Amino acid sequence: MAKGLVLVNTGTGKGKTTAALGAVSRALGHGLRVGFIQFIKSKDTGESRFLEDLAQDKTRSLHYARHGRGFVGKNPSQTDRDLARDGLELAQALAGELDLLVLDEINVAISLGLIGSAEVAEFLKGRPPELNVILTGRGCPDDLIDLADTVTEMIEVRHAFRNGTPACRGVDF
Ligand code: ATP
Ligand code: MG
């Protein structure tokens with residue numbers, strides 16, 4: 001097996017989570033085993049419905065879990081911290097049985113202080129060597145950027161949101 005990669009999708013432009021979902025479709029198409037753990041977000045979205053359905057499909061190997069409860073302010077609660085920590089523990093527990101693991105919005109969970117970047121770095125260094133991991137979310141800390149093999153920064157050239165266009169079903173959520 002090839003050495004697993006660490007990929008980071010960060011930056012303020014649109015496309016971080018959707019790019020990770022693209023990699024999920026690729027991996028599942030190859031019959032690989034995928035984990036998708038979502039931090040921070042709790043909303044019912046197109047992708048959460050799709051991933052929940054797909055996780056039931058016995059011909060695929062997808063584990064999907066949400067470890068957030070929506071908006072987290074400047075002073076996160078213990079519940080928010082516990083949820084994020086549980087998400088990282090789940091990542092650890094699943095790591096040995098996966099080919100691709102997406103930690104969606106984990107960069108935001110780190111920026112908000114729910115979990116430490118050092119713990120995530122430790123997880124990445126200690127993971128099974130073939131496991132590919134994608135970290136998404138704006139504001140990825142430098143120590144994780146340094147650890148990653150592939151880093152993409154989405155740059156906002158324009159976003160429809162800026163001229164008052166509401167989030168579009170099927171495109172933005
Ligand atoms: P997507 O899920 O569409 O790939 P993302 O993961 O890059 O976006 P997030 O920071 O997770 O972006 O943002 C979550 C939501 O905010 C999504 O609905 C996304 O479309 C929207 N969004 C992304 N970038 C911007 C932006 N620059 N301004 C406003 N809304 C944005
Ligand atoms: Mg996102």
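Our subject is the structure that appears above.
Reading guide: rules and limits
Residues numbered from 1 in each chain as written. Chains lettered and ligands numbered in written order. Predicted model: local features only at pLDDT ≥ 70, side-chain atom pairs only at ≥ 80, totals over all residues. Heavy atoms only, no water. Donors = N, O, S within 2.8 Å, 3.2 Å for Na, K, Ca; no water. Helix = DSSP H or I, 4+ residues; strand = E, 2+ residues; numbered from the N terminus. Buried < 20%, exposed > 50% of the residue type's maximum accessible area, 1.4 Å probe, protein only. Pairing = 2+ DSSP bridges. Arc of directions from axis to C-beta. Contact = heavy atoms within 4.5 Å. Polar contact = N/O pair within 3.5 Å; in protein donor to acceptor, adjacent residues only side chain to side chain. Axes fitted to C-alpha atoms, helices over the stretch in contact; angles between N-to-C directions.

Engineer: Any chance you could explain the coordination of the magnesium ion (ligand 2) here in plain terms?
Structural biologist: By definition of the ideal shapes, four donors in a tetrahedron about a metal sit 109.5 degrees apart, and six donors in an octahedron sit 90 or 180 degrees apart. The magnesium ion (ligand 2) binds to the protein through Thr17 (OG1) and Glu105 (OE); the donor distances cover 2.0 to 2.1 Å. In this pair, Thr17 is assigned in helix 1 (residues 16–29) and Glu105 in the loop between strand 4 (100–104) and helix 4 (106–111), connecting sequence segments 88 residues apart. The same class applies to Thr17 and to Glu105, which are both buried.

Engineer: Got a minute to help me understand the pairing of strand 5 (residues 132–136) in this structure?
Structural biologist: Regular strands place side chains that alternate from one sheet face to the opposite one. The element strand 5 is extensively covered by neighbouring structure, given that four of its five residues are classed as buried. Here strand 1 (residues 6–11) runs beside strand 5; their pairing, made up of four bridges, is parallel. Bridging across to strand 5, Asn9 finds its partner in Thr136. Relative to strand 5, strand 4 runs parallel, the two being bridged by four bridges. Across the sheet, Val102 pairs through a bridge with Ile134, a residue of strand 5.

Engineer: Explain helix 2 (residues 46–56) to me, please; I cannot follow it from the model alone.
Structural biologist: Every α-helical turn comprises 3.6 residues, leaving residues that sit three or four positions apart pointing alike. Glu47, Ser48, Leu51 and Leu54 are the residues of helix 2 that are buried. Along helix 2, the residues classed as buried sweep out an arc of 130 degrees about the axis, all on the same side. Residues of helix 2 that are exposed and point more than 90 degrees away from the buried face comprise Arg49, Asp53 and Gln56.

Engineer: Would you mind going over the environment of Arg69 with me for this structure?
Structural biologist: Position of Arg69 relative to the elements: it lies in the loop between strand 3 (61–67) and helix 3 (78–94). The exposure class of Arg69 is partly exposed, given its relative accessible area of 46%. A sequence separation of 14 residues divides Arg69 from Leu83, and the C-alpha atoms of the two residues are 8.4 Å apart. The contact partners of Arg69, leaving out residues within four places of it in the chain, are Ile40, Ser42, Ser77, Thr79, Asp80 and Leu83. Of note is the side chain of Arg69, whose polar atom sits 2.8 Å from the side chain of Asp80.

Engineer: Teacher, can you tell me more about the sheet that holds strand 3 here?
Structural biologist: Whenever strands of a sheet pair, they do so through backbone hydrogen bonds, lying parallel or antiparallel. Strand order across the open sheet formed by six strands is 3-2-4-5-1-6, with parallel pairing between neighbours. In the strand order of this sheet, the two ends are held by strand 3 and strand 6 (150–154), each with one partner. On average, each strand axis in the sheet is inclined to that of its neighbour by 10 degrees, with strand direction left out of account. Where strand 2 (residues 33–39) and strand 3 come together, seven bridges link them in parallel fashion. By the bridge assignment, Arg33 is partnered in strand 3 with Ser61. In the packing of helix 2 onto the sheet, contacts are made with strand 2 and strand 3, and the angle to strand 3 comes to roughly 135 degrees. Docked against the sheet, helix 3 engages strand 2, strand 3 and strand 4, running at close to 165 degrees with respect to strand 3.

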